[in-house]
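A structural walkthrough
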Amino acid sequence: MFRILIVLFILVPIIELWGLIAVGKVIGGWQTVGLAILISIFGAWLTKQQGLQVLRLVQMQLSRGQMPTDALLDGLLVLFGGLLLLVPGFFTDLLGLLLLIPYTRMFVHFFFKKWIQFLIVSGKIRFLFRR
């Protein structure tokens, strides 16, 4: 796991710099900076909006006595999308925006849930319940 993180911390900034330089060559330097700022502002607004929506959904489900598992998973994906928007660059911003848009987050939610279920069934994740 440590090796994967080291590779990510080296590879992601290199890809992001390459992307910024490539976009800067096509549309210009100031336009690239402006686009990055515009994406960040829109992403911050979308993160706030989706975070509040997930919070309202969690509160509504708890008031009805339901366990808000899907809403909490959506909240985790919104949080991760917001964190990706903090990383400068276009590729992480694109991935972050995909996690913040409800329709695209639905697909990630489905596959993430299936992956967690697979880990539980295969025995890689175990839950110990005590009373």
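Now for a description of the structure that goes with this document. (Residues numbered from 1 in each chain as written. Predicted model: local features only at pLDDT ≥ 70, side-chain atom pairs only at ≥ 80, totals over all residues. Heavy atoms only, no water.)

**Things to note about a nonpolar patch on the surface**
Our working definition: Exposure above 30% relative accessible area and no salt bridge define the residues that can form patches, which grow by joining like charges within 9 Å and nonpolar side chains of Val, Leu, Ile, Met, Phe, Trp and Tyr within 5 Å. The accessible surface values rely on the Shrake-Rupley method and a 1.4 Å probe; as for residues, cover is taken only from the protein chains in view. Salt bridges are defined as contacts in which a side-chain nitrogen from Lys or Arg sits within 4 Å of a carboxyl oxygen from Asp or Glu. Residue exposure (1.4 Å probe, protein chains only): buried if accessible area is under 20% of the type maximum, exposed if over 50%, otherwise partly exposed.
Together, Ile101, Tyr103, Met106, Phe107, Phe110 and Phe111 give the surface a local cluster of nonpolar side chains, amounting to about 720 Å² of exposed area. Residue classification places tyrosine 103 among the exposed positions, given a relative accessible area of 65%.

**Considering the pattern of salt bridges**
Under the convention used in this document: In DSSP terms, a helix is any run of H or I states spanning at least four residues, a strand is any run of E spanning at least two, and both are numbered starting from the N terminus.
Enumeration over the complete set of coordinates arrives at 2 salt bridges. In this structure, the salt-bridge partner of aspartate 70 is lysine 113, at a minimum N-O distance of 3.0 Å. A residue pair is termed long-range when its members are at least 10 positions apart, and aspartate 70 in helix α3 (residues 69-86) and lysine 113 in helix α5 (residues 102-122) qualify at 43 residues. Take aspartate 70: its relative accessible area is 35%, and that puts it in the partly exposed class. Given a relative accessible area of 33%, lysine 113 falls into the partly exposed group.

**A word on the nonpolar core**
What counts here: The term nonpolar core refers to a set of buried residues drawn from Ala, Val, Leu, Ile, Met, Phe, Trp, Tyr and Cys, joined through side-chain atoms within 4.5 Å.
Among the nonpolar cores identified, the biggest contains 10 residues, and these are Ile39, Leu46, Val54, Val58, Ala71, Val78, Leu85, Phe90, Leu97 and Leu100. Those elements that place two or more of their residues in this core are α2 (29-63), α3 and α4 (90-100). For this core, the leading source of residues is α2, giving 4 residues.

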